[in-house]
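# Overview (structure and organization)
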Amino acid sequence: MTPHPDFQEAWRLQAELQHQGDQAITLPALLVTFYDHQGDTVAARRFSPAEYQNTGNASSTTQHPAQEWQPGSMVSLTLDITDPGSGLPNFDMSLAPLPEETLP
């Protein structure tokens, strides 16, 4: 996570995910959740594969989110996040199934 190169009060999160299972799967959604100082959830947002994939990166597994993610392969992700402020010091990310209406 680094300060956004173009916008103040924003962050750029870049990571690579590796599929460690033994079967091909459809790329999952990515759920980002922010917590306050007491650990209570104050905001959450689900990102589709089309939103988080860094398709300009040569190591990206696919240019089309509906394609299967093969075991052992990597997917690059990039998220630009507005700074939630000092009152929201913690966040986590988890993978989640895509809603039925978005599946191929």
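### Description of the environment of Phe 7
With respect to the helices, strands and loops of the structure, Phe 7 is situated in the loop between β1 (2-3) and β2 (10-18). For Phe 7, a relative accessible area of 54% corresponds to the exposed category. Between the alpha carbons of Phe 7 and Thr 82 there is a distance of 8.9 Å; along the sequence they are 75 residues apart.

### Considerations on the side chain of His 4
You can see His 4 is positioned in the loop between β1 and β2. For His 4, a relative accessible area of 8% translates into the label buried. Every residue in contact with His 4, bar those within four places of it in the chain, is listed here: Ala 10, Trp 11, Arg 12 and Asp 80.

### Topic: unusual backbone geometry
The phi angle at Glu 9 is positive, at roughly 55°, despite the residue not being glycine. Inspection of the secondary structure puts Glu 9 in the loop between β1 and β2. For Glu 9, a relative accessible area of 65% puts it in the exposed group.

### A word on the packing of aromatic side chains
On inspection of all chains with the given rule, the structure shows one aromatic pair. Against the face of Phe 47 rests Arg 45, its NZ or CZ located 4.3 Å from the ring centre.

### Some remarks on the confidence of the model for the protein
Taken residue by residue, the protein gives an average pLDDT of 78. The fraction at 70 or more is 78%. Within the model, pLDDT remains below 50 along residues 56-65, and this stretch shows 25 contacts once partners closer than five positions in the same chain are excluded.

### Here we look at the nonpolar core
Within the largest apolar cluster, 13 residues are counted, with the highest numbers of intra-cluster contacts made by Leu 30, Val 32, Phe 47, Tyr 52, Leu 77 and Leu 79. Where this core is concerned, the elements lending two or more residues are β2, β4 (29-35) and β7 (74-82). For this core, the element with the highest residue contribution is β7, accounting for four residues.

### Considerations on the pairing of β4
With six of its seven residues buried, β4 lies for the most part within the structure. Here β4 pairs with strand β8 (residues 90-96) via seven bridges, running antiparallel. The partner of Ala 29 across the bridge, within β8, is Ala 96. In this sheet, strand β5 (residues 41-47) lies alongside β4 in antiparallel orientation, the contact comprising six bridges. Note on β5: the bridge partner recorded for Thr 33 is Ala 44.

### Quick word on the pattern of salt bridges
The tally for this structure, following the rule as stated, stands at two salt bridges. The closest approach of N and O atoms between Asp 80 and Arg 12, which form a salt bridge, is 2.7 Å. Residue Asp 80 is found in strand β7, and its partner Arg 12 is found in strand β2; the two are separated by 68 residues along the sequence. Residues Arg 45 and Glu 51 are paired through a salt bridge, measuring 2.9 Å at the closest nitrogen-oxygen approach.

Cut-offs applied
- Residues numbered from 1 in each chain as written.
- Predicted model: local features only at pLDDT ≥ 70, side-chain atom pairs only at ≥ 80, totals over all residues.
- Heavy atoms only, no water.
- Helix = DSSP H or I, 4+ residues; strand = E, 2+ residues; numbered from the N terminus.
- Buried < 20%, exposed > 50% of the residue type's maximum accessible area, 1.4 Å probe, protein only.
- Contact = heavy atoms within 4.5 Å.
- Phe/Tyr/Trp six-rings, centres within 6.5 Å; stacked < 30°, edge-to-face > 60°.
- Lys NZ or Arg CZ within 6 Å of the ring centre and 35° of its normal.
- pLDDT = per-residue confidence, 0-100.
- Core = buried A, V, L, I, M, F, W, Y, C linked by side-chain atoms within 4.5 Å.
- Pairing = 2+ DSSP bridges.
- Salt bridge = Lys/Arg side-chain N within 4 Å of Asp/Glu carboxyl O.

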